[in-house]
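# Overview (structure and organization)
Residue strings, one per chain:
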Amino acid sequence: MNKKPLILGIESSCDETAASLITENEQGFPIVLSNIISSQEEVHKEFGGVVPELAARSHMEKIDWVVKKAIDKSGKKIEEIDAVASTAGPGLIVCLSVGLSFGKTLAASLNKPFIAVNHLEGHALSPRLNSTLNYPYLFLLISGGHTQFLNVLGLGKYKRLGTTIDDALGEAFDKTAKLLGIEFPGGPQIEILAKRGDPNKYDLPKPILNKGGCNLSFAGLKTAVLKITKDIRTEQEKFDLAASFQRTIEEILYKKTKLAFIEFEKLNEQNKKIFVVAGGVAANKRVRSMLKNLCEEKNYESMFPPINLCGDNAAMIALVGLEKFKMKQFNNLDYPARPRWPLDNTAAFLKGAGVKL
Ligand code: KG4
Ligand code: ZN
């Protein structure tokens, strides 16, 4: 029996310091041996958003402990690690640098390969942590920093079909929550408040719903929510606004996903069509069930990572590391932090493209 690779993954691109050890079984199915996440919610709460300098400082304080805990929990010894994989981008440069330097230093001291991982590729592959998933598939990433539809053709092979031209979906949830007086990160709270409200009470805009293909836009929603919050007097009105926001998001995603299906089918001719959804907002149960229903309607197999692996974690980084290790895709120790690192580097930069669409 060959020794299976043991990979340490490290994540520090935003406000989670995380480390994970993974290996695989005889059939090549990944096994997560440990998955440690230290969140900085408490650090950023009073500022209503992530403060890069404080985030970086917190990563520096926690990284030794988090990595040590991941190794201890895995039941393996540090010398058994075959490669170290760190997120190199995209993200906040001061934050990325912490996990990247730590990973490079550890790899060098163990005399093992170092692997630079694209955080978005981690999300794209994350459903492989609990299911078999074959290429190609359509991928919707809905996180705090990104909102994109991608045709995933293989490891490192992506074609972007659509993207947000302004705010990311998680950002729209967090901004709405802030306007409703909910502490950062408020996204998950919107879903809870929405259950108690009337989803049809407020009519919110659905920017570029009928143009721009499967590109998306959420910035206009924030302005509309801001206007309404000025007149809100009761708790019930707050619930109604949360519910109306949640419904509007579902309607936008429903329409744009249908368009993305058409784009995907133009590019891929296989019978089995797979739709993968990941990123923090994929934890939203109503968004999940709406997209699942749409998949049934359109004959797609839907796949979501387990709720605890929708948000940022290092298991998904270690998983990309494992795949790259098997293909001997290693990186030099001078690999830079890449604050902007698109999965499809041929795709045009569309932020602020609203008027041109
Ligand atoms: O993927 P993630 O952990 O970090 C980034 O890479 O950005 O995503 C975090 C985002 C935050 O904006 C958070 O508010 C949002 O995902 N989020 C949710 C829910 N859970 C997390 N948004 C809506 N409903 C949820 N249940
Ligand atoms: Zn993320």
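Thresholds applied
- Residues numbered from 1 in each chain as written.
- Chains lettered and ligands numbered in written order.
- Predicted model: local features only at pLDDT ≥ 70, side-chain atom pairs only at ≥ 80, totals over all residues.
- Heavy atoms only, no water.
- Donors = N, O, S within 2.8 Å, 3.2 Å for Na, K, Ca; no water.
- Tetrahedral: all angles 85-135°; square planar, octahedral: opposite > 155°, others 65-115°.
- Helix = DSSP H or I, 4+ residues; strand = E, 2+ residues; numbered from the N terminus.
- 1 Å grid on protein atoms, 1.4 Å probe; cavity = no way out; pocket = protein on both sides within 12 Å on 5 of 7 lines; lining within 4 Å.
- Points joined across faces, edges and corners; volume = space filled by probe spheres on them.
- Nonpolar A, V, L, I, M, F, W, Y, C, P; charged D, E, K, R; others polar.
- Domains from an automatic or database assignment.
- Contact = heavy atoms within 4.5 Å.
- Salt bridge = Lys/Arg side-chain N within 4 Å of Asp/Glu carboxyl O.
- Buried < 20%, exposed > 50% of the residue type's maximum accessible area, 1.4 Å probe, protein only.
- Core = buried A, V, L, I, M, F, W, Y, C linked by side-chain atoms within 4.5 Å.
- Pairing = 2+ DSSP bridges.
- Axes fitted to C-alpha atoms, helices over the stretch in contact; angles between N-to-C directions.
- Polar contact = N/O pair within 3.5 Å; in protein donor to acceptor, adjacent residues only side chain to side chain.
- Near = heavy atom within 4 Å.
- Areas by Shrake-Rupley, 256 points an atom, 1.4 Å probe, with all protein chains shown as cover.
- Lys, Arg positive; Asp, Glu negative; His and termini not counted.

### Section: the coordination of the zinc ion (ligand 2)
Coordination of the zinc ion (ligand 2) by the protein involves His119 (NE2), His123 (NE2) and Asp312 (OD), with metal-donor separations of 2.1 to 2.2 Å. In this structure, the zinc ion (ligand 2) is surrounded by four donor atoms whose angles at the metal cover 90 to 147°, and the resulting shape is irregular. Counting gaps between the donor residues of the zinc ion (ligand 2) yields the pattern H-x3-H-x188-D. Highlighted residues: His119 in helix H4 (residues 119-125) and Asp312 in the loop between strand E10 (300-303) and helix H10 (315-326), separated in sequence by 193 residues.

### A look at the layout of surface pockets
The calculated volume of the second largest pocket comes to roughly 170 Å³. Contributing to the lining of the second largest pocket are 13 residues, with Gly156, Tyr158, Trp341, Pro342 and Leu343 lying nearest its centre. Among the residues forming the lining of the second largest pocket, the class breakdown is five nonpolar, four polar and four charged. Both of domain 1 (7-127 + 311-326) and domain 2 (134-304) provide at least three residues apiece to the lining of the second largest pocket.

### What to know about the environment of Ala107
Structurally, the position occupied by Ala107 is in helix H3 (residues 93-110). In this structure, the C-alpha to C-alpha distance between Ala107 and Asn35, residues 72 residues apart in sequence, is 19 Å. Contact partners of Ala107, with chain neighbours within four places excluded, come to Val84, Lys112, Pro113 and Phe114.

### A few points about the pattern of salt bridges
For the coordinates displayed, the defined rule picks out 17 salt bridges. As a salt-bridge pair, Lys175 and Asp167 come within 3.2 Å of each other at their nearest N and O atoms. When the shortest N-O distance is used, the salt bridge between Lys266 and Glu263 registers 3.1 Å. Taken together, the residues Lys266 and Glu263, both in helix H8 (residues 235-267) and three residues apart, mark about one turn of the helix. On the basis of relative accessible area, Lys266 is assigned to the exposed category, the value being 60%. Through salt bridges with shared partners, a single network forms among Asp167, Glu171, Lys175 and Lys222.

### Details of the nonpolar core
The nonpolar side chains of soluble globular proteins are, as a tendency, buried together. Residues Phe245 and Phe275 are the most contacted members of the largest nonpolar core, which totals 48 residues. Looking at this core, the elements that each hand over two or more residues are strand E6 (137-142), helix H5 (169-179), helix H6 (187-194), helix H7 (219-229), H8, strand E9 (273-278) and helix H9 (285-298). Counting residues per element, this core draws most heavily on H8, at eleven residues. Filtering out sequence-adjacent residues up to four positions away, Phe245 remains in contact with Ala172, Phe173, Thr176, Ile190, Leu204, Leu221 and Val225. Among the nonpolar cores identified, the runner-up in size contains 31 residues, and Ile7, Ile22, Ala278 and Leu319 belong to it.

### Some details on the pairing of E6
Among the six residues of E6, six are classified as buried, and the element is accordingly described as predominantly covered. The side-chain alternation of E6 yields two buried faces, one formed by Tyr137, Phe139 and Leu141 and the other by Leu138, Leu140 and Ile142. Both E6 and strand E7 (residues 147-154) contribute to a ladder of six bridges, which runs antiparallel. For Phe139, the partnering residue across the bridge sits in E7 and is Leu150.

### So, the sheet that holds strand E5 (residues 114-118)
With mixed pairing, five strands are arranged side by side in an open sheet as E3-E2-E1-E4-E5. Looking at strand neighbours, the two that pair on one side only are strand E3 (30-39) and E5, the edges of this open sheet. Strand-to-strand twist across the sheet, computed as the mean angle between neighbouring axes with direction ignored, equals 20°. Bridge count between strand E1 (residues 7-11) and strand E4 (residues 83-89): four bridges; the pairing is parallel. Following the sheet pairing, Ile10 is matched in E4 by Ser86.

### Re the domain arrangement of the chain
Domain assignment breaks the chain into domain 1 (7-127 + 311-326) and domain 2 (134-304). Once you take the C-alpha centre of each, domain 1 and domain 2 turn out to be 27 Å apart. Applying the counting rule to domain 1 against domain 2 returns three residue pairs in polar contact (both at pLDDT 80 or more). Elements with a minimum of two residues in the side of domain 1 that touches domain 2: helix H1 (41-44), H4 and H10. Of all the elements, H4 adds the most residues to the side of domain 1 that touches domain 2, at five residues. Looking at the side of domain 1 that touches domain 2 residue by residue, the classes come out as seven nonpolar, six polar and six charged.

### Some details on the site of ligand 1
Around ligand 1 there are 18 residues in total, and Gly144, Asp174, Glu191, Gly280 and Asp312 lie nearest to it. Here an oxygen atom of ligand 1 sits 3.0 Å away from a polar atom, N or O, in the main chain of Gly280. Contact with the protein chains covers 85% of the free accessible surface of ligand 1, which is 560 Å². Inspection of the shell around ligand 1 shows a minimum of three residues originating in each of domain 1 (7-127 + 311-326) and domain 2 (134-304).

### Observations concerning the side chain of Glu16
Looking at the secondary structure, you find Glu16 in strand E2 (residues 16-24). Of the side chains bearing the opposite charge, Lys62 lies closest to the buried Glu16, which forms no salt bridge; the N-O distance is 9.5 Å. Polar contacts involving the side chain of Glu16 include one to the side chain of Ser39, which spans 3.4 Å. Setting aside residues no more than four positions away along its own chain, Glu16 makes contact with Glu11, Ile37, Ser38, Ser39, His59 and Asp312.

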